[in-house]
Each structure stands twice: as structure tokens, then as C-alpha cells.
Amino acid sequence: MKWFRRKAEDAEQTHLPNAEEAAQRFWERWFELVPVVSAALGDGEPHRVEDELGALVKSLHPDLIFSLEQGHLAMYALVVTGQEDPRLRPYTDAWIRKAPPTDMVWEFHDSVPPVPDPTEVIINLGQVKMRLGDYRVVAQVDGDVVDVAVYHPALANLTEQQRQTMTFLPLDVTLGERLAGERLRRVETAQLEPEGTISLLELRSLVRTLAEDE
């Protein structure tokens, strides 16, 4: 899973303020670019199209980020997300409304979708490999939201920025970015393994049950 962010200060003046018009233009350009993107992914060389895709996503809104991933129903997935920033929701809403239907090759997501089994995911950070199955979480339910403390033995070996990323990333891929944004209130990094922890899959079950009970 590799995320790409275009810096707003580097953005050219190609972004349309009208979300519907910006989304329409995105998909017109996507259909021109998709044969090149599919070919690059088929060759195992996504870097060949990172700049072109970055410019395309920037034209939708310069603060959006995107990733190319293996699809759940299709071969590939394009994820374009505003990381639950309400300023960007009109753009991702318009984008996903105008998206083509899923086919054998492509599917599209306007937020990070949950991974079927996050415990099988391994994230490589330089010399550090972090298996998400080794994460443990303390979860405290307060009404319809949950406060969590996240622990992994390798978190202490990361930089502050990496530690923050690897605290939130497992929650997003376990719950999906949207459900995590709706149901998780406070998120902390635990320096030592706390007592009473649960696995990421147990956290998913807990949070989904809260959402279903409403």
C-alpha cells in the first residue's frame, strides 16, 4: 500500500472549484489515461504513471491523496481520499458518483476500504517490517464511539512521523477509513503493551457491532 500526495503549494491552477465539473473532467481524462495505467501495472511498474495520475488527482483537488492497490473484486483499485476532511468531501462524493461501474480490471473507492484480513498484511518501513497481526489494541467504548490505545513492539523503533502513521494505518485498513473516522474518538500510541488488549479483528467486530446497533 503506497500513498501519493501532491503538495498544494506545488499545484498548478488546474483545479476547478465546482466539484461536479472537476469530477466530470477527471473521468474524461481517466478514460484517456487508463490504458497506459493498466499497462504499467501489468508490467509491475506503477512508478511509470505516478506523475500523470498525480496531476489528474490534483486537478480534482490539490489536497486529495491517492493510491493504487490490488482490488477486492477487480484486478486493480484506485483510491482517492480526503482523509475524512469535510472540506474535501464534496469532491470525493462527486468523484465516486461519476465513477464507472466496477469491471474485471478496475474498481474505485473514495475512502480507504477495509482489508479482508489485516492480520496478513506486512508493512515495510526501511529495515523495519511490521506485521499487522502483531498489533494489540485497548478499546474503551463510550456510547457510540471508541477510544483506543495502539501497541506494536516495533513502534518504538520508528521516527515520530512513522510512529503516527503506523498508529492510524492499521485502524484504517481494519475498519475502513470512513468507519474509523466515524467511530474512533481518541487514538493513542502505547509505549508498552497494556493489559486487556484485543486484536485488530476483535476491534473490527466491536466497532461494527456498535454501528449496527444504531
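All of these numbers come straight from a predicted model, not from anything done at the bench.

Asker: Please explain the overall build of the protein as it appears in this structure.
Answerer: When helices and strands are counted, the protein shows 6 helices and 9 strands. Relative to the 2.2 N^0.38 estimate, which gives 17 Å for 214 residues, the radius of gyration of the protein is 18 Å and therefore close to what a compact globule would have. Its C-alpha atoms give the protein principal-axis dimensions of about 55 × 40 × 35 Å. For the protein, with 214 residues in total, the buried portion stands at 45%. Looking at the protein alone, contacts between residues at least 24 apart form 69% of all its contacts between residues at least 6 apart.

Asker: Explain the packing of helix 4 (residues 160–175) against helix 6 (residues 200–212) here, please?
Answerer: Two quantities define a packed helix pair, namely the angle between the helix axes and the distance between the axes. Orientation of helix 4 relative to helix 6, taken along the N-to-C sense of each, is 55 degrees, at an axis distance of 9 Å. The angle between helix 4 and helix 6 falls in the class oblique. Crossing handedness for the pair helix 4 and helix 6: right-handed. Residue-level inspection shows P170, L171, V173, T174 and L175 of helix 4 in contact with helix 6, the latter providing L200, L203, R204 and V207. For the contact of helix 4 with helix 6, the per-class residue count stands at 7 nonpolar, 1 polar and 1 charged.

Asker: I would appreciate a short explanation of the nonpolar core in the present structure.
Answerer: One broad trend across soluble globular proteins is that nonpolar side chains are buried collectively. If you look at the biggest cluster of nonpolar residues, it comprises 29 residues, and the most contacted ones within it are F26, W30, L53, L60, L78 and W106. For this core, the elements supplying multiple residues, two or more each, are helix 1 (19–42), helix 2 (50–60), strand 2 (65–70), strand 3 (76–81), helix 3 (89–97) and strand 4 (106–109). Residue contributions to this core peak at 11 residues, all from helix 1. Those residues in contact with W30 that lie beyond four places of it in its chain are L53, L56, L78, W106 and F108. Counting 26 residues, the second largest nonpolar core, distinct from the first, contains V115, V128, L175 and L179.

Asker: Would you mind showing me how to read the sheet that holds strand 7 (residues 136–142) here?
Answerer: The strands making up a sheet are joined through hydrogen bonds of the backbone, oriented either antiparallel or parallel. Here 3 strands make up an open sheet; going across it, the order is 7-8-9 and the pairing mixed. Since the sheet does not close on itself, it has two edges, and those belong to strand 7 and strand 9 (184–189), each with one partner. Across the sheet, the mean angle from the axis of one strand to that of its neighbour is 15 degrees, orientation sign disregarded. Here 7 bridges tie strand 7 to strand 8 (residues 145–151), and the two strands are oriented antiparallel to one another. In the sheet register, V137 faces strand 8, and the bridge partner there is V150. Across the sheet, helix 6 lies against strand 7, strand 8 and strand 9, angled at about 15 degrees from strand 7, the strand it touches most.

Asker: Looking at this structure, how should I read the pattern of salt bridges?
Answerer: A side chain with one charge can pair with a side chain of the opposite charge if their charged atoms come near. Tallied over the full model, the rule gives 13 salt bridges. Notably, a salt bridge pairs D144 with R183, separated by 3.9 Å at the nearest N-O pair. Residue D144 is found in the loop between strand 7 and strand 8, and its partner R183 is found in helix 5 (residues 177–183); the two are separated by 39 residues along the sequence. Through salt bridges with shared partners, a single ionic network connects D142, D147, R185 and R186.

Asker: Before we go on, may I ask you to explain the packing of aromatic side chains in this structure?
Answerer: How two aromatic rings sit relative to each other is set out by the distance from centre to centre and by the angle between their planes. On inspection of all chains with the given rule, the structure shows 10 aromatic pairs. Ring centres of W27 and W30 lie 6.2 Å apart, and the angle between their planes is 80 degrees; this geometry places the pair in the edge-to-face category. Of this pair, W27 and W30 both sit in helix 1, 3 residues apart, which is roughly one turn of the helix. By relative accessible area, which is 4% here, W27 ends up buried.

Asker: In this structure, what is going on with the pairing of strand 6 (residues 128–131)? I would like to understand it.
Answerer: The two faces of a sheet get side chains in turn, since along a regular strand they alternate between them. Across the two faces of strand 6 the burial differs, with V128 and M130 buried and K129 and R131 not buried at all. Note that strand 5 (residues 122–125) and strand 6 share 4 bridges and pair antiparallel. Paired with I123 across the two strands is M130, which belongs to strand 6.

Asker: Can you help me understand the side chain of S67 in this one?
Answerer: Considering the arrangement of structural elements, one finds S67 in strand 2. Overall, S67 belongs to the buried group, its relative accessible area being 0%. There is a polar contact of 2.8 Å between the side chain of S67 and the side chain of E69.

Parameters and conventions
Residues numbered from 1 in each chain as written. Predicted model: local features only at pLDDT ≥ 70, side-chain atom pairs only at ≥ 80, totals over all residues. Heavy atoms only, no water. Helix = DSSP H or I, 4+ residues; strand = E, 2+ residues; numbered from the N terminus. Rg over C-alpha atoms; globule rule 2.2 N^0.38 Å. Buried < 20%, exposed > 50% of the residue type's maximum accessible area, 1.4 Å probe, protein only. Contact = heavy atoms within 4.5 Å. Axes fitted to C-alpha atoms, helices over the stretch in contact; angles between N-to-C directions. Parallel < 35°, antiparallel > 145°, perpendicular 65-115°, else oblique. Left-handed = near helix turned anticlockwise from the far one by under 90°. Nonpolar A, V, L, I, M, F, W, Y, C, P; charged D, E, K, R; others polar. Core = buried A, V, L, I, M, F, W, Y, C linked by side-chain atoms within 4.5 Å. Pairing = 2+ DSSP bridges. Salt bridge = Lys/Arg side-chain N within 4 Å of Asp/Glu carboxyl O. Phe/Tyr/Trp six-rings, centres within 6.5 Å; stacked < 30°, edge-to-face > 60°. Polar contact = N/O pair within 3.5 Å; in protein donor to acceptor, adjacent residues only side chain to side chain.

Keep in mind these values describe shape, not function.
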